[in-house]
Amino acid sequence: MFKRLRADIRYAKECDPAARSKFEIWLTYSGVKALSWHRYANFLYRIKFRLLARWTSQFAKFLTGIEIHPAAKIAGGVFIDHGTGVVIGETAEIEEGVIIYQGVTLGGTGKEKGKRHPTVKKGAIISAGAKVLGGFTIGEYAKIGAGAVVLKEVPPYATVVGVPGRIVRINGEKLPDLEQEKRDPLQEEVCNLREKIFELEEKINKLTDR
C-alpha cells in the first residue's frame, strides 16, 4: 500500500509542474488522497469486508469528490489531476503511468454482468469530462480528448475525440479517412429537410401568385 502511495506521489510530481514538493502533494492533492483511500478500501474488499469497503469508498468520495469502487484494480503510479467528478467502476483496471483529469467516468453501459468497465493500459491520458463506457481496452499511451464519449476499443498510441469517440490519429499521424469520419448524419438530414422546405415554399408562392 505504501509502495503504491510513493509511486502515486512520485508520478504526480513528474506530471504537475505546479507541484513544489512531495510533501505538498501528499498533504493537498485530492487525487493522491482518493487513491490512498482506495488502496485501503480495496484491501477490505479483498478480505470480504465488503460493506466496510463501500463505506470507506463513499467517505473518500465525500472528502475528495472522487468515487472509486473498492473492487477496481489500480496500479501504483497513477495521477488523478484535480479529480472532482471522477468515477471509476467496479471492474475497471488502470495500469501505471495513466493520467486522469476531472470529470472522467470509467463506467459501464447497462446492467450486464462480468467485465463491464474499461481497462486502461500504461501511459494513457484521459482528458477532462471524457466518458469511457464498456468492458473494452484503452491501449498503451492512447489519448482520449476532453468530452469524448468512447464506446469501443482504442488501439495503442491512438488519439480519440468527439461524441461518439472516433480515432483521428495513430502514432501522431492523421488517418486517411478522417474526412469521412467527420460526417454528421443528423446535420445532413437537417440540411435535406431545409431544401425540401424551400422547394415547398417556392411552390406555394407560385400558387398564390396565380
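Residues numbered from 1 in each chain as written. Predicted model: local features only at pLDDT ≥ 70, side-chain atom pairs only at ≥ 80, totals over all residues. Heavy atoms only, no water.

A. Quick look at helix H1 (residues 2–15). The first and last C-alpha atoms of H1 sit 20 Å apart over 14 residues, in line with the 20 Å expected at 1.5 Å per residue. Every buried residue belonging to H1 is among Leu-5, Ala-7, Asp-8, Ile-9, Tyr-11 and Ala-12, and all of these are buried. Lining the buried residues of H1 we find helix H2 (22–28), helix H3 (30–46), strand E3 (79–80) and strand E6 (99–100). (Helix = DSSP H or I, 4+ residues; strand = E, 2+ residues; numbered from the N terminus. Expected span 1.5 Å × (residues − 1). Buried < 20%, exposed > 50% of the residue type's maximum accessible area, 1.4 Å probe, protein only. Contact = heavy atoms within 4.5 Å.)

B. A look at a positive patch on the surface. Taken together, the side chains of Lys-3, Arg-6, Arg-10, Lys-13 and Lys-22 define a basic patch exposed on the protein surface. It is H1 that contributes the most residues to the positive patch, four residues altogether. For Lys-22, the position within the fold is in helix H2. Of the residues examined, Lys-22 reaches a relative accessible area of 46% and is grouped as partly exposed. (Patch = residues over 30% accessible without salt bridge, like charges linked within 9 Å, V, L, I, M, F, W, Y side chains within 5 Å. Areas by Shrake-Rupley, 256 points an atom, 1.4 Å probe, with all protein chains shown as cover. Salt bridge = Lys/Arg side-chain N within 4 Å of Asp/Glu carboxyl O. Lys, Arg positive; Asp, Glu negative; His and termini not counted. Charge placed at Lys NZ, Arg CZ, Asp CG, Glu CD.)

C. Just the packing of aromatic side chains, in detail. Counted under the stated rule, the structure contains four aromatic pairs. On the numbers, 5.3 Å between centres and 80° between planes, the contact of Trp-37 with Phe-59 is edge-to-face. In this pair, Trp-37 is assigned in helix H3 and Phe-59 in helix H4 (residues 50–64), connecting sequence segments 22 residues apart. Accessibility expressed as a relative area gives 30% for Trp-37, which makes it partly exposed. On the basis of an interplanar angle of 20° and a centroid distance of 5.4 Å, the ring pair of Tyr-141 and Tyr-157 is categorised as stacked. With Tyr-141 in the loop between strand E11 (137–138) and strand E12 (143–144) and Tyr-157 in the loop between strand E13 (149–150) and strand E14 (158–161), the pair connects residues that are 16 residues apart, well separated along the chain. Through a chain of ring-to-ring contacts, the aromatic side chains of Trp-37, Trp-55 and Phe-59 assemble into a single cluster. A cation over a ring is seen here: Arg-50 above Tyr-45, with NZ or CZ 4.0 Å from the ring centre. (Phe/Tyr/Trp six-rings, centres within 6.5 Å; stacked < 30°, edge-to-face > 60°. Lys NZ or Arg CZ within 6 Å of the ring centre and 35° of its normal.)

D. Seen up close, the packing of H3 against H4. In contact at an axis separation of 8 Å, H3 and H4 are set at 175° when each is read in the N-to-C sense. The orientation of H3 with respect to H4, classified from their angle, is roughly antiparallel. Counting all contacts with H3, which are made through Ser-30, Lys-33, Ala-34, Trp-37, Tyr-40, Ala-41, Leu-44 and Tyr-45, the residues of H4 involved are Arg-50, Leu-52, Ala-53, Thr-56, Ser-57, Phe-59, Ala-60, Leu-63 and Thr-64. A breakdown of the residues in the contact of H3 with H4 according to their chemical character gives 11 nonpolar, four polar and two charged. (Axes fitted to C-alpha atoms, helices over the stretch in contact; angles between N-to-C directions. Parallel < 35°, antiparallel > 145°, perpendicular 65-115°, else oblique. Nonpolar A, V, L, I, M, F, W, Y, C, P; charged D, E, K, R; others polar.)

E. Just the packing of H1 against H3, in detail. The N-to-C vectors of H1 and H3 enclose an angle of 165°; their axes lie 10 Å apart at closest approach. The orientation of H1 with respect to H3, classified from their angle, is roughly antiparallel. The hand of the H1/H3 crossing is right-handed. For the pair formed by H1 and H3, the contact residues are Arg-4, Leu-5, Asp-8, Ile-9 and Ala-12 on the first element and Val-32, Leu-35, Ser-36 and Arg-39 on the second. (Left-handed = near helix turned anticlockwise from the far one by under 90°.)

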